[in-house]
Amino acid sequence: MASNETTNSDTEESTEEEIEPKFKYQRIAHDLKDILNKDVVTACAVHPKFLIFGTFLGRVYLLDHEGNSVDSHLNCNDQNFAHTVAVNEVDIDAKGECIATCSDDGRVHIIGLFSNDNNQTLTFGRSIRSVVLDPDPKANEGRRFIVGDEKLTLFEKNFLKKLKSNVLSAAEGHVISVCWNGPFIAWASCLGVRVYDLIEKCSLGLMKWEEPTNARLENFRCNFRWANSNTLLVGWVDTIRICVIRRRNSVEATLKALPGFIVDPISTFQTNFYVSGLASLTSNQLVVLGYPKEKDSERNALRPLLSVLEYKLNSSEEVCTDSLSLRGYKEYMVNDYILGCLNEENRYYIVAPKDIVVATLFDIEDRVQWLIEHRKFEEAMELMPSHGGNVLPVARLYINHLINQKEYEAAAKICLRVLGNNKNLWEEEVFKFVKPQQLRAVSAYLPTTDDCKLDPHVYEMVLYEYLKHDVKGFLKLIKEWPSHLYDCSAVINAIHDHFNKENMNELLESLAMLYSYQKSYESALLMYLKLQNTAVFDLIRRYDLYSVIHKMIIPLIQLDRERAFQILLDKRRVPPEIVVQQLEQNQEYLYWYLDALDKMDSRGTFHWRLVELYAEYEPTKLLPFLKRSKHYPIQEALDICRSKLFYPEMVYLLGQMGNIVEALNIIIHKLQNIEMGIDFCKEHDDSDLWNLLIVESIENPEILTKLLDGIIGYVNPAGLVDKIKSGQKIPGLRKSLTKMLCDYRLQVDELQIVNNIQLADYFSMHAEVVREQNRGLAVSYHNVCATCERSVIKKDVVPSCGIMVFR
């Protein structure tokens, strides 16, 4: 019936896009259909109660808005009120009780629909183009009416019901159209348009109209419509003029010869079609029924147009245009169409000779339905809340559309936007993503709070799909989702069923987290260890799993020695005995552990093991350890050092055991370090050791000089010199003897100086003691006996200054 067309063009291409229409259309049928099958509509009047049609055969019909006949006096006396030729005009009063008709047969009928009291027929003997009844709802039925023929005449009944005529205009040619509103009457003739003021009984001026090209102005019906009490809409040929009737201002009113009102055209613009009817829509929008100027290829008329135009100062902008498919439109002329309207109901009647269609403004439901049909779901969703509608049905249709278009992510976002915390709705919508295997698209938007927790099966389906298609996404969800949303055992079983080496790391980590959610911490630790994931250490600390790791100590150290030792060295949580027991199978790990433990535990419980471990893995630490520790068996340590040929360590241990001779022999013969031998002898300061060292040095002249340099203060050098054989060649002997004698003399001098200092200190201290003993002691009456607590002397016996006592 109607199609909406809008064309947008740019520099490259033009595209046609259907925009939202203003109207919905419905064809009137029922009894009207039978009438139109045998007759043609030529005139129409619209009333809120019913419709009045005049036909080509001169008949007048009263129908309801559905097209059904309404009983009235027209049915009873249809022959009396019929015209012999086509009805030119039909009008109805505001109360809906009286109608007026006119025709080319020269007759005007005033007919009461439900009463015969005011029925009358006027015969003029010439063609009557227009007749209108008084629009005042307070006026008596049929009391006043205007007839337009060669002149414009007002007919009025006096109190005796006598009909009196008053010619308003008689010199402007045939009256084409008349429109009456309150005190103002607008009419059109071949000269133009006038507005007459019934109160002042004068014309408010003439608005001339441009003559159409290749046509006569009077061949076009002038279409009037009063938008309100003072705004007149005029559509004639292809020009529309909006006129406001206003009272003249104070300056204009000074000219007494002018009427009190003036017709002010506030906007005049042309259309690209001929105007067949117009009506107001809003304060600045018009509904215009248009007849296309063009013809089709066979010179037939095109479909009529119903346009919404927004007018401005002398210009207009097309809001929308509908092309109407009416019966027989190819054969119609511009004057064959009529536009009737009920502004209060926003209903517009497009009347053609063989068809009548009602255009009704889209209401909210219509707009939403149209937007849905044209897949403009976003606009429909925005429209619903602003008018108190429920957005949910539209949103669900939108979700279905997006899923059909494979826009799964967008569909999921709509779910989040409109479903809120409605558990049942969520579960219904989520299942729409199952068939296309796109639960992954909605996973990020699923509710996971206690306010809206879905059935566990829903979350398990999502996890199962991730497990099949996106293992990394599966692991991400396991980390993000609270574990109480789903059955961990079911998910663990699914992982085992779909385990593959390609995604082993992600699956093991997922198992580790799921086992920890189930509090199967030992299984969780095993998964992390298989995965070589350091998160195992956080898990141990978070859940206090120190008692569980006793059999996992070696794998933990293999994973991260530093972090493992941070846990193992906490003696309160992991007893060292258990760690040592577990590490017996890996001596290197045992060494690392006991070495670290030794820095924290001074008890030396495992020092007996450290001797062997230091000897094996870090010998440089052995000797310092042997010197600082007292918690190891010396003989076992000595045996280990003998087996490893650790001579410095053997020297120290033999020295500790008292076997200093053997120790010195090792220094001299194995280490061949005379300085160390000298230090050893100094440390033990044993005459037998010195003799042994001297004997060894006599046999070895190279070390004799070193011995001579180091024995001063410990051994009388004369004994060493006496043992030097005559003629024995000793390199550097002179220098060594000279140094030895100097050192010896320096030692003697030092001893003499020390002795002198001691004597001086003795006599000084003795003199000080004698001096102190000879000093007097002052005694006053304040001194009290320590035993009896009485004054030693009395004030009345001795002077106030007291007495001086000597020993």
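Since the model is a prediction, treat every value here as computed from it, not as a measurement. (Residues numbered from 1 in each chain as written. Predicted model: local features only at pLDDT ≥ 70, side-chain atom pairs only at ≥ 80, totals over all residues. Heavy atoms only, no water.)

Points about the overall build of the protein chain
What counts is decided by this rule: In DSSP terms, a helix is any run of H or I states spanning at least four residues, a strand is any run of E spanning at least two, and both are numbered starting from the N terminus. Three exposure classes are used, based on accessible area relative to the maximum for each residue type with a 1.4 Å probe and protein chains only: buried under 20%, partly exposed in between, and exposed over 50%. Here, two residues are considered to be in contact whenever any of their heavy atoms come within 4.5 Å of each other. Computed with a 1.4 Å probe, the accessible areas rest on the Shrake-Rupley method; for each residue, only the protein chains presented here act as cover.
Scanning the protein chain from terminus to terminus reveals 29 helices and 32 strands. Counting only residues that meet the buried cut, the protein chain has 46% of its 807 residues in that class. Intrachain contacts of the protein chain at a sequence separation of at least 6 include 50% that bridge at least 24 residues. Entry remark: accessible area of the protein chain is about 42600 Å², with carbon and sulfur atoms responsible for 49%.

Comments concerning a nonpolar patch on the surface
Put simply, the rule is: Any residue with relative accessible area above 30% and no salt bridge may belong to a patch, with like charges joined within 9 Å and the nonpolar Val, Leu, Ile, Met, Phe, Trp and Tyr side chains within 5 Å. Any Lys or Arg side-chain nitrogen located within 4 Å of an Asp or Glu carboxyl oxygen qualifies as a salt bridge.
On the surface, Leu759, Tyr762 and Phe763 cluster together into a nonpolar patch covering about 350 Å² of accessible area. For phenylalanine 763, the location among the structural elements is in helix α29 (residues 733-774). Accessibility expressed as a relative area gives 55% for phenylalanine 763, which makes it exposed.

A few points about the packing of helix α11 (residues 471-480) against helix α13 (residues 504-517)
We count it as follows: An axis is simply a line fitted to the C-alpha atoms; with a helix, the fit covers only the stretch in contact. Between two such axes, the angle follows the N-to-C directions and lies from 0 to 180 degrees. Any angle between 65 and 115 degrees counts as roughly perpendicular, while under 35 counts as roughly parallel, over 145 as roughly antiparallel, and the rest as oblique. Throughout, a crossing is termed right-handed when the near helix is turned clockwise from the far one, and left-handed when it is turned anticlockwise from it by less than a right angle. In this classification, the charged set is Asp, Glu, Lys and Arg, the nonpolar set is Ala, Val, Leu, Ile, Met, Phe, Trp, Tyr, Cys and Pro, and all remaining amino acids, among them Gly, are polar.
Put simply, α11 and α13 touch, their axes get as near as 9 Å, and they point 20 degrees apart. Taken together, the axes of α11 and α13 are roughly parallel relative to one another. As for the relative orientation of α11 and α13, their crossing is left-handed in sense. Of the residues in α13, those touching α11 at Val471, Lys472, Phe474, Leu475, Ile478 and Lys479 are Glu506, Leu507, Glu509, Ser510, Met513, Leu514 and Tyr517. Considering only residue class, the contact of α11 with α13 consists of eight nonpolar, one polar and four charged.

Section: the sheet that holds strand β29 (residues 347-352)
In plain terms, the rule: Two strands form a pair only when DSSP identifies at least two bridges running between them.
The four strands lie next to each other as β4-β30-β29-β28, forming an open sheet whose pairing is antiparallel. Since the sheet does not close on itself, it has two edges, and those belong to β4 (23-27) and β28 (338-342), each with one partner. In this sheet, neighbouring strand axes are inclined to one another by 25 degrees on average, regardless of whether the strands run parallel or antiparallel. Pairing of β4 with strand β30 (residues 355-361), which is carried by five bridges, proceeds in the antiparallel orientation. Bridging from a neighbouring strand, phenylalanine 23 pairs with leucine 361 of β30.

Observations concerning the nonpolar core
Across soluble globular proteins, you tend to see nonpolar side chains buried next to one another. Basically, it comes down to this: Put simply, buried Ala, Val, Leu, Ile, Met, Phe, Trp, Tyr and Cys residues joined by side-chain atoms within 4.5 Å make one nonpolar core.
Judged by nonpolar contacts, the single largest core of 130 residues is most densely connected at Trp426, Tyr486, Tyr593 and Leu626. When near neighbours in sequence (up to four residues on either side) are disregarded, tyrosine 486 contacts Pro456, Tyr459, Glu460, Leu463, Ile478, Trp481, Val491, Leu514 and Tyr517. In this structure, Tyr25, Met207, Cys222 and Phe261 belong to the second largest nonpolar core, which totals 47 residues.

Re the pairing of β29
Counting buried positions along β29 gives six out of six residues, so the element sits mostly inside the fold. Neither face of β29 is exposed, since Arg347, Tyr349 and Val351 on one face and Tyr348, Ile350 and Ala352 on the opposite face are all buried. Pairing analysis gives five bridges linking β28 to β29, with the strands arranged antiparallel. Within β29, the position partnered with leucine 339 by the bridge is isoleucine 350. Here β29 pairs with β30 via six bridges, running antiparallel. Opposite isoleucine 350, over in β30, you have valine 357 as the bridge partner.

Brief notes about the pairing of strand β7 (residues 60-63)
Looking at chain direction, strand β6 (residues 51-55) and β7 are connected through four bridges and run antiparallel. Within β7, the residue paired with glycine 54 across the bridge is valine 60. In this antiparallel pair of consecutive strands, β6 and β7, the connection spans four residues, and glycine 58 shows a positive phi of 90 degrees.

Examining the confidence of the model for the protein chain
Rules: Each residue carries a pLDDT score, the predictor's confidence in it, ranging from 0 to 100.
Confidence in the prediction of the protein chain, expressed as mean pLDDT, is 85, and 90% of residues score 70 or more. Throughout residues 5-15 the model reports pLDDT below 50, and contacts reaching past four residues in sequence, or to other chains, amount to ten contacts.

What to know about the packing of aromatic side chains
Operational definition: Only Phe, Tyr and Trp rings take part, Trp by its six-membered ring, and two of them pair if their centres are within 6.5 Å. Stacked means planes under 30 degrees apart, edge-to-face means over 60, and tilted covers everything else. Whether a charge lies above a ring is judged from NZ of Lys or CZ of Arg, which has to be within 6 Å of the ring centre and within 35 degrees of the ring normal.
One pass over the structure, following the stated rule, counts 19 aromatic pairs. Three or more aromatic residues link up through ring pairs in this structure, and these residues are Tyr591, Tyr614, Tyr617, Phe625 and Tyr632. Over the ring of tryptophan 592 we find arginine 561, and its NZ or CZ is 3.9 Å from the ring centre.

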